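Given next are the chains, with one letter for each unit.
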Amino acid sequence: MSGMLGYYILIGAIALVSWLVSSQLKRKFAKYSKVQLRNGLSGREIAEKMLADNGIYDVEVISTPGQLTDHYNPKNKTVNLSESVYNQRNAASAAVAAHECGHAVQHAQAYSALGMRSALVPIVSVTSGMSQWLVIGGLVLGAAAGVGLGYWVAVAGLVFMGFATLFSFITLPVEYDASNRALAWLKNKNMVTPEEYKGSEDALKWAARTYLVAAIGALASLLYWALQVFGGRD
């Protein structure tokens, strides 16, 4: 029972940090959404220009519903921008549009970390939902004793959890690299003023921190459950 209490405290602490970072991210985007671009380009136009400047002509820029739903889809080669980012002409939308195009550039240049993450997607989509239940089920069946079916069920759960943790950490260089590509392009092509650049840089910095918190949370959860499985053995 104390083990579960420790887990709830851990998850609660990570959830709190995640909420704080997410709230700060939303505040930053609201702030930099008020910094209008002097060049008057919309997020869609920024994205199309960055793709063209990188010699990419087979990727389509489309609008997708929701807020902060922006993403690059390597399967159908589309840069999906949320409605506000797609249409608006401010530092926040420029940052997000250029960041998503950073992923398209990674894809075009066969960036290794992006390839690794894409390869893990089908595995993680299947295993992530059942990993924790396998570990808990294994513990109920006596995994902590280190013998029998329960132990191997729990170990399978930990392996599945390990895939999700690996995915979270591979995501970090992918996201940071996309932001670096975006900011370098915005600066080198003089797409934004120094003030607009500062806003774009700050917005992307906070976006990256959400992935960092997720990765730390995944690792903490994996280590906690590994301790529950292996910690009870002599």
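Residues numbered from 1 in each chain as written. Predicted model: local features only at pLDDT ≥ 70, side-chain atom pairs only at ≥ 80, totals over all residues. Heavy atoms only, no water.

Notes on the overall build of the protein chain
Inclusion rule: Counting from the N terminus, the helices are the DSSP runs of H or I reaching at least four residues and the strands are the DSSP runs of E reaching at least two. Type-normalised accessible area, obtained with a 1.4 Å probe on protein chains alone, sets the label of each residue: buried when under 20%, exposed when over 50%, and partly exposed for intermediate values. For this analysis, residues touch if any pair of their heavy atoms sits within 4.5 Å. Calculation of accessible area relied on Shrake-Rupley with a 1.4 Å probe; when residues are assessed, cover is drawn exclusively from the protein chains displayed. We score Asp and Glu as negative and Lys and Arg as positive, and we do not count His or the chain ends. All charge positions are set by atom: Lys at NZ, Arg at CZ, Asp at CG, Glu at CD.
A count of helical and extended segments in the protein chain gives seven helices and three strands. The helix and strand sequence of the protein chain, counted from the amino end, reads α-α-β-β-β-α-α-α-α-α. Each principal axis of the C-alpha atoms in the protein chain carries an extent, and together these give about 65 × 35 × 30 Å. Within the span of the protein chain, comprising 234 residues, buried residues form 43% of the whole. Sequence separation of 24 or more characterises 74% of the internal contacts of the protein chain that already satisfy a separation of 6 or more. Surface summary for the protein chain: the accessible area is close to 12,100 Å², and the carbon and sulfur share equals 62%. Of the charged side chains in the protein chain, 19 are positive and 15 negative; the average position of the first set lies 5 Å away from that of the second.

Some thoughts on the pattern of salt bridges
Here is the rule: Only one rule defines a salt bridge in this text: a Lys or Arg side-chain nitrogen within 4 Å of an Asp or Glu carboxyl oxygen.
What the rule picks out here adds up to eight salt bridges. Linking K28 and D202 is a salt bridge whose minimum nitrogen-to-oxygen distance equals 2.8 Å. Note that K28 is positioned in helix α1 (residues 2-32) and D202 in helix α7 (residues 194-230), a separation of 174 residues in sequence. As far as the burial class goes, K28 and D202 line up, both buried. Of the charged contacts, one joins R44 and E48 as a salt bridge, the two residues approaching to 3.1 Å between their closest N and O atoms.

Focus on the UniProt feature "transmembrane region" (unreviewed entry) in the protein chain
Short version of the rule: UniProt positions are given in the numbering used here, feature names are shortened, and annotations may be inferred rather than shown by experiment.
According to UniProt, the "transmembrane region" (unreviewed entry) feature falls on residues 6-25, 119-145, 151-172 and 206-227. When the span residues 151-172 is considered, its composition is 100% helix and 0% strand, and the gap between its end C-alpha atoms is 32 Å. For residues 206-227, the helix share is 100%, the strand share is 0%, and the end-to-end C-alpha distance is 32 Å.

Here's the deal with the packing of aromatic side chains
Threshold: Only the six-membered ring of Trp is used, alongside the rings of Phe and Tyr, when aromatic pairs are assigned; centres must lie within 6.5 Å, and planes under 30 degrees apart are stacked while those over 60 apart are edge-to-face, with the rest tilted. Lysine NZ or arginine CZ positioned within 6 Å of the ring centre and within 35 degrees of the ring normal marks a charge as sitting over the ring.
Summed over the entire model, instances satisfying the criterion amount to three aromatic pairs. Consider the rings of Y151 and W152, whose centres lie 5.0 Å apart with planes at 75 degrees: the pair is edge-to-face. For Y151, a relative accessible area of 9% gives the class buried. By relative accessible area, which is 58% here, W152 ends up exposed. Where Y151 meets F230, the ring centres are 6.2 Å apart and the plane angle is 70 degrees; that geometry is what we call edge-to-face. Pair noted here: Y151 is in helix α6 (residues 148-188) and F230 is in helix α7, with a separation of 79 residues, a long-range link. What makes F230 partly exposed here is its relative accessible area of 37%. Among the aromatic side chains, those forming a connected cluster through ring pairs are Y151, W152 and F230. Its end group placed over the ring of Y111, R181 keeps NZ or CZ at 5.5 Å from the ring centre.

Quick word on a nonpolar patch on the surface
Rule in force here: Within the patch definition used here, like charges are joined within 9 Å and nonpolar side chains (Val, Leu, Ile, Met, Phe, Trp, Tyr) within 5 Å, considering only residues with over 30% relative accessible area and no salt bridge.
Taken together, the side chains of L16, W19 and L20 present a nonpolar region at the surface, about 340 Å² in accessible area. The residue W19 is located in helix α1 in this model.

Brief notes about the sheet that holds strand β2 (residues 71-73)
For clarity, the cut-off: Here the rule is simple: two strands pair whenever DSSP picks up at least two bridges between them. Between N-to-C directions, angles span 0 to 180 degrees; the directions come from axes that are lines fitted to C-alpha atoms, helices contributing only their stretch in contact.
Spatial strand order, β1-β3-β2: three strands in an open sheet with mixed pairing. The sheet is open, and its two edges are formed by β1 (60-64) and β2, each paired on a single side. Strand-to-strand twist in this sheet, taken as the mean axis angle between neighbours without regard to direction, amounts to 30 degrees. Direction of pairing for β2 relative to strand β3 (residues 78-82): antiparallel, over a ladder of three bridges. Residue pairing across strands places H71 opposite N80, the latter belonging to β3. Packing against the sheet, helix α2 (residues 43-53) makes contact with β1 and β3, and its axis sits at approximately 155 degrees to β1.

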